[in-house]
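If you want the building blocks of each chain, they are given just below.
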Amino acid sequence: MAAVILIFGIARQGDMASHLTLWMTSALLALSLQFIWGNVGILSFAQAVFFGVGAYVYGVLSINFGVQGSTLVWGIPAGIVAATLAAGLGYFIFYGKLNDIAVAIITYAFTLIFAALASGFSFQLGSASIGGANGLVGIMPMAFGFGDNYVVASPLTGFVVTLVCATVTWLILTRLRHARYGRVLNGIRQNEDRSSLIGYDIRLFKVSSFALAGGVAGIAGSLFAAWSQFVNPGQFSAQSATLVVIWVLVGGRRSPVGSVVGAILISAVQFYFGSSDISQYVALVLGGLVVLVILVAPDGVAALTRKAWRSVVNRNSSAPGRPVTTAPVDRADRVEPKPVAVAPLGNHGRSENSLLTVRGVSKSYGGVKAVRSVDFTLKRNEIKCIIGPNGAGKSSLFGLLSGRIRLDEGSIVFDGHDISSLPSFKRARLGLGIKLQTASFFPELTVRENISLAARGELERAREALVENCIVEAGLTEVRDVEAYSLSHGQQQWLEIGMVLAQKPTLILLDEPVAGMTIGERTQTVNMIHRLAQRCGVVVVEHDMGVVEELGGDVIVMHEGQILRTGHISDLRHDDAVMDAYLGREAAEHGATPTKPNLEL
């Protein structure tokens, strides 16, 4: 409240209302970039383009149609046009599977192209004359009324309207960020691979968030046009695009407040230094400010402020006479979860006995055949282990089954669905759960939040019950509110299994689920896998023969990309061909046994 009173007090002083209006449009533009950069991890240099498009659309509409109630309404179509343009660009970028660096380069190039087009072409749109480098003049100021009976908003009124628009946008973006949509975006930022494996179409989420951010930038541009009554191609310039990034970088890309503060702070620096005798040094001042922030506060001013505040609070809480509460440093490592039997989590099952049918599956990398005509079937509630020496093709086969690698030949039929060409997220939606060799989760989220995000498609009340059930099943009850990054190695593996359970799978693929575990953790994991097999099929890629024997079931031995043998592990231990594949004929002749071969992938 004090800040609001202060702002209004400043706005009433002379021309400050006009300056504050300009800075508030800059803050709104910064919010548009912060939403996708801070929440999704997308660095876009195209926000200035969407800002300029919004400004031009507002200008053309206001010139052609006048007030018609209030020129403020032209900000809506301006935002829609900018969002549509952003959606088109986003579709090209994200469905083209470009990496983060390529996205930054493409959006920067997009800005340069639009700047050249805006400067090089002059044309007429109704009464609006777009004059290339001369820009668009005669734009209607912010006004209220109908026809010729309108009242132009005063500078203070214009500032209040802009402030209200920025505040409403802020609230909407904040609500989205804390809603499930925003939590999914946050998950995509932390771990795209896991987000896809639990059933989210990350490309769709990226395009939608990119379009939303473009719409916000377009609205900011419309407010700017109403304030300036003039637009030129400078809104598309590379300098403008870079300046928006600097605002958010200085303020803090993970903080909406920080991005707003960064925009206002730098705009104020430009205003005051730009009108002084040292105006030629503005770029030098801004450059020095950016370098200083990167060195001292790489996460922005907002993060530095939070850190300082926490330091003060901690110092006060540790003052004499106050009790000091010290959390255990390795709380997660000290927890020894015990096997817990719980009710089945659900099943997508059909009446047929065969759950997974793999026929003639092959994959080549250049001239190397990684997988050669692999055939096998998996029944419901069956455990099947895949073993083999280094380079046998286990990882490639696992990638083909999970959809992370495209197959060249053959077919994969899962639960009656041909999934041969389906991406990972669509396979997950059909009931395929995947645990990777290296634990894959969302490190900044708690155990509960990780599993909740994996419970895709569940209603809130049902999701809460499912999440709690999965936490118990995975043996993570004591660490449910601990951030995932601080868990022990074994608990991180269990967390990923718990996330798979939250998907209610009918088939689970496990890639070396006991790798790096202690003996106690390994026993717990084997027991967990047996419980999983009571409700769904399980395929395990493993190198520990002791674990394979404990799991039981059929074993597939792979060698040089193809299936060498199938059968029970007790029989395969004495198979000469299997011994050759692991240890070589010479070792076999000397009586070596492949009890625990080194089968690192």
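Rules used throughout
Residues numbered from 1 in each chain as written. Predicted model: local features only at pLDDT ≥ 70, side-chain atom pairs only at ≥ 80, totals over all residues. Heavy atoms only, no water. Helix = DSSP H or I, 4+ residues; strand = E, 2+ residues; numbered from the N terminus. Expected span 1.5 Å × (residues − 1). Buried < 20%, exposed > 50% of the residue type's maximum accessible area, 1.4 Å probe, protein only. Contact = heavy atoms within 4.5 Å. Polar contact = N/O pair within 3.5 Å; in protein donor to acceptor, adjacent residues only side chain to side chain. 1 Å grid on protein atoms, 1.4 Å probe; cavity = no way out; pocket = protein on both sides within 12 Å on 5 of 7 lines; lining within 4 Å. Points joined across faces, edges and corners; volume = space filled by probe spheres on them. Nonpolar A, V, L, I, M, F, W, Y, C, P; charged D, E, K, R; others polar. Pairing = 2+ DSSP bridges. Axes fitted to C-alpha atoms, helices over the stretch in contact; angles between N-to-C directions. Core = buried A, V, L, I, M, F, W, Y, C linked by side-chain atoms within 4.5 Å. Parallel < 35°, antiparallel > 145°, perpendicular 65-115°, else oblique. Left-handed = near helix turned anticlockwise from the far one by under 90°. Salt bridge = Lys/Arg side-chain N within 4 Å of Asp/Glu carboxyl O. Patch = residues over 30% accessible without salt bridge, like charges linked within 9 Å, V, L, I, M, F, W, Y side chains within 5 Å. Areas by Shrake-Rupley, 256 points an atom, 1.4 Å probe, with all protein chains shown as cover. pLDDT = per-residue confidence, 0-100.

Draft legend 1. Main features of helix α5 (residues 100-120). Under the 1.5 Å per step criterion, the end-to-end length of α5 is 30 Å for 21 residues, consistent within 8% with the ideal 30 Å. The set of residues buried in α5 consists of Ala102, Val103, Ala104, Thr107, Phe110, Thr111, Ala115 and Ala118. Where the residues of α5 are buried, they touch α3 (47-65), α4 (75-94), α9 (202-228) and α10 (238-251). Where α5 begins, the capping side chain belongs to Asn99, and its oxygen is found 3.3 Å from the backbone nitrogen of Ile101.

Draft legend 2. Region of interest: the layout of surface pockets. Put simply, the largest pocket is a space of about 1000 Å³. Contributing to the lining of the largest pocket are 37 residues, with Asn186, Arg189, Gln190, Arg254 and Glu444 lying nearest its centre. Mapped by element, the contributors of at least two residues to the lining of the largest pocket are α2 (16-39), α6 (155-178), α7 (180-190), α13 (301-317), α17 (447-454) and α18 (460-473). Here the lining of the largest pocket is built from residues that sort into 10 nonpolar, 10 polar and 17 charged. Looking at the second largest pocket, it is lined by 24 residues, and the ones nearest its centre are Lys97, Ser196, Ile202, Arg203 and Pro423.

Draft legend 3. A look at the sheet that holds strand β8 (residues 354-365). What the 4 strands build is an open sheet, ordered β9-β8-β11-β12; its pairing is antiparallel. Of all the strands in the sheet, the pair left with one neighbour each is β9 (368-379) and β12 (417-418). The pairing of strand β11 (residues 409-414) with β12 spans 2 bridges and is antiparallel. Of the residues in β12, the one forming a bridge with Val413 is Asp418. Contacts between helix α15 (residues 394-402) and the sheet are confined to β8, β9 and β11, with β9 contributing the most and set at about 60 degrees to the helix.

Draft legend 4. A look at empty space enclosed by the protein. This model, assessed by the stated rule, comprises 3 cavities of 30 Å³ or more. In this structure, the second largest cavity encloses a volume near 40 Å³. Along its surface, the second largest cavity is lined by Leu31, Gln34, Phe35, Trp170, Leu173, Thr174, Arg177 and Pro256. Per element, the largest residue contribution to the lining of the second largest cavity is 4 residues, and it comes from α6. Within the lining of the second largest cavity, the residues separate by chemical class into 5 nonpolar, 2 polar and 1 charged.

Draft legend 5. Structural view of the nonpolar core. By size, the foremost hydrophobic cluster in this structure holds 140 residues, and its most contacted members are Phe50, Ile451 and Leu495. Sort the elements by how many residues they give to this core and α2 lands first, with 14 residues. In this structure, Val358, Leu400, Phe414 and Met558 belong to the second largest nonpolar core, which totals 29 residues.

Draft legend 6. Broad picture of the packing of α2 against α6. Direction vectors running N to C along α2 and α6 enclose 15 degrees, while the axes themselves pass 8 Å from each other. Comparing their axes, α6 and α2 come out roughly parallel. α6 is crossed by α2, and the crossing has left-handed handedness. Along its contact with α2, which presents Ala17, Leu20, Thr21, Met24, Thr25, Leu28, Leu31, Phe35 and Asn39, the element α6 presents Pro155, Leu156, Gly158, Phe159, Thr162, Leu163, Ala166, Thr169, Trp170, Leu173 and Arg177. Its residues assigned to classes, the contact of α2 with α6 comprises 13 nonpolar, 6 polar and 1 charged.

Draft legend 7. Representation of the pattern of salt bridges in the model. Tallied over the full model, the rule gives 17 salt bridges. Between Arg194 and Glu496 there is a salt bridge, with the nearest N and O atoms lying 2.2 Å from each other. Here Arg194, found in helix α8 (residues 192-197), pairs with Glu496, found in helix α19 (residues 489-501); they are 302 residues apart in sequence, far enough to count as distant. On the basis of relative accessible area, Arg194 is assigned to the buried category, the value being 0%. Between Arg522 and Glu550 there is a salt bridge, with the nearest N and O atoms lying 3.6 Å from each other. Here Glu550 lies in helix α21 (residues 545-551) and Arg522 lies in helix α20 (residues 519-532), a separation of 28 residues in the sequence. Glu550 sits in the partly exposed class, given a relative accessible area of 37%. A single salt-bridge network, built from bridges that share partners, covers Arg189, Arg254 and Glu444.

Draft legend 8. Here's a closer look at unusual backbone geometry. Positive phi values are uncommon outside glycine, yet Asp415 reaches one of about 55 degrees. One non-glycine residue, Glu512, adopts positive backbone phi at about 45 degrees. Here Glu512 lies in the loop between β14 (507-511) and α20.

Draft legend 9. Quick peek at the pairing of strand β16 (residues 554-559). Bridge analysis of strand β10 (residues 383-387) against β16 gives 4 bridges, and the strand direction is parallel. Looking at β16, one finds that Lys384 is bridged to Asp554.

Draft legend 10. Representation of the packing of α2 against α7 in the model. Remark: α2 packs on α7, axes separated minimally by 8 Å, with the N-to-C direction vectors making an angle of 55 degrees. Taken as axis vectors, α2 and α7 run oblique relative to one another. Across the interface between the two elements, Phe35, Gly38 and Asn39 of α2 pack against Tyr181, Leu185, Asn186 and Arg189 of α7. For the contact of α2 with α7, the class distribution of residues is 3 nonpolar, 3 polar and 1 charged.

Draft legend 11. Expanded view of a nonpolar patch on the surface. A cluster of nonpolar residues, Ile113, Leu117, Phe121, Phe123 and Leu125, forms a patch on the protein surface that exposes about 480 Å² of accessible area. Those elements that provide at least two residues to the nonpolar patch are α5 and β2 (122-125). Structurally, Phe121 is set in the loop between α5 and β2.

Draft legend 12. Highlighting the sheet that holds β10. Strand order across the open sheet formed by 6 strands is β13-β14-β15-β10-β16-β17, with mixed pairing between neighbours. The outermost strands of the open sheet, each flanked by one partner alone, are β13 (432-435) and β17 (562-567). Neighbour-to-neighbour, the strand axes of this sheet turn through a mean angle of 20 degrees, independent of strand direction.

Draft legend 13. The side chain of Lys384, seen in detail. The residue Lys384 is located in strand β10 in this model. When sequence neighbours within four positions are dropped, the list of residues in contact with Lys384 reads Phe376, Thr377, Leu378, Val538, Val539, Val540, Asp554 and Ile556.

Draft legend 14. Molecular detail of the confidence of the model for the protein. Per-residue pLDDT for the protein has a mean of 84; in total, 86% of the residues score no lower than 70. Least confident of the elements in the protein is helix α14 (residues 331-334), whose mean pLDDT is 40; most confident is α17, at 96. Per-residue pLDDT stays below 50 along residues 322-351; that stretch engages in 60 contacts with residues further than four places along the chain or on separate chains. Every residue in residues 585-601 is under pLDDT 50, and counting partners more than four places away or in other chains gives 41 contacts.

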